[in-house]
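Commentary on secondary and tertiary structure
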Amino acid sequence: MKLFKFFKSVGTEMKLVVWPNGHQTRIDTTIVVSMSIIFAIFFAIVDWAIQSGLLYI
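Residues numbered from 1 in each chain as written. Predicted model: local features only at pLDDT ≥ 70, side-chain atom pairs only at ≥ 80, totals over all residues. Heavy atoms only, no water.

Keep this limit in mind: UniProt positions are given in the numbering used here, feature names are shortened, and annotations may be inferred rather than shown by experiment.
The name an unreviewed UniProt entry gives the protein chain is Protein translocase subunit SecE, with Apilactobacillus apinorum as the organism. In UniProt, the protein chain has this text filed under Subunit (unreviewed entry): "Component of the Sec protein translocase complex. Heterotrimer consisting of SecY, SecE and SecG subunits. The heterotrimers can form oligomers, although 1 heterotrimer is thought to be able to translocate proteins. Interacts with the ribosome. Interacts with SecDF, and other proteins may be involved. Interacts with SecA."

Given below as structure tokens:
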């Protein structure tokens, strides 16, 4: 009985969810990919700097 009540409440909550449209999804995807590239470049530069610094020790 509790299982049916749980699934009913899940269905009710899912009707309240506001799903993003295609345009917002593209914007969010672009932001995520851009930030991933920026962080990858940043960490590559930091890694290179640390390696270069360790060569002088």
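1. A short note on the overall build of the protein chain
Just so we agree on the cut-off: For helices the rule is a DSSP run of H or I covering at least 4 residues; for strands it is a run of E covering at least 2, with both sets numbered from the N terminus onward. This radius of gyration counts C-alpha atoms alone. The globule rule is 2.2 Å times how many residues there are, raised to the power 0.38. Each accessible area value is a Shrake-Rupley result obtained with a 1.4 Å probe; residue values ignore everything except the protein chains displayed when judging cover.
The secondary structure content of the protein chain amounts to two helices and zero strands. Computed over C-alpha atoms, the radius of gyration of the protein chain comes to 23 Å, more than 25% over the 10 Å expected from 2.2 N^0.38 for 57 residues, which places it beyond the range of a compact globule. About 5,700 Å² of surface is accessible on the protein chain, with carbon and sulfur atoms providing 76% of the total.

2. Details of the packing of aromatic side chains
What counts is decided by this rule: Paired rings are identified among Phe, Tyr and Trp, the last through its six-membered ring, by centres lying within 6.5 Å, and are further divided according to the angle between planes into stacked (under 30 degrees), edge-to-face (over 60) and tilted (the rest).
Under the criterion given, the structure shown has three aromatic pairs. With centroids separated by 6.3 Å and ring planes inclined at 25°, the aromatic side chains of Phe39 and Phe43 adopt a geometry described as stacked. One end of the pair, Phe39, and the other, Phe43, are both in helix H2 (residues 22–55), four residues apart, so they sit about a helical turn from each other.

3. Things to note about the UniProt feature "transmembrane region" (unreviewed entry) in the protein chain
Those residues carrying the UniProt feature "transmembrane region" (unreviewed entry) are residues 31–50 in this numbering. With 100% helix and 0% strand, residues 31–50 has its two end C-alpha atoms placed 28 Å apart.

4. Considerations on helix H1 (residues 2–16)
Note the following rule: To estimate the expected span of a helix, subtract one from its residue number and multiply by 1.5 Å. A simple rule labels every residue: compare its accessible area, found with a 1.4 Å probe on the protein chains alone, to the largest value its type can have, and call it buried under 20%, exposed over 50%, or partly exposed in between.
Over its 15 residues, H1 runs 21 Å from end to end, which matches the ideal 21 Å to within 8%, given 1.5 Å per residue. Judged by how many residues are buried, H1 sits mostly at the surface: zero of 15 residues are covered.

5. A few points about a nonpolar patch on the surface
Stated precisely, the cut-off is as follows: Each patch is built from residues lacking any salt bridge and having more than 30% relative accessible area; the joining distance is 9 Å for like charges and 5 Å for nonpolar side chains (Val, Leu, Ile, Met, Phe, Trp, Tyr). By definition, a salt bridge exists where a carboxyl oxygen of Asp or Glu is found within 4 Å of a side-chain nitrogen of Lys or Arg.
Among the surface-exposed residues, Ile27, Ile31, Met35, Ile38, Phe39, Phe42, Phe43, Val46, Ile50, Leu54 and Ile57 lie close enough to one another that they form a single nonpolar patch of about 1,100 Å² accessible area. You can see Val46 is positioned in helix H2. The exposure class assigned to Val46 is partly exposed, which follows from its relative accessible area of 32%.

6. Considerations on the environment of Lys15
On the secondary structure map, Lys15 appears in helix H1. The exposure class assigned to Lys15 is exposed, which follows from its relative accessible area of 74%. For the pair Lys15 and Met1, spaced 14 residues apart in the sequence, the C-alpha separation amounts to 22 Å.

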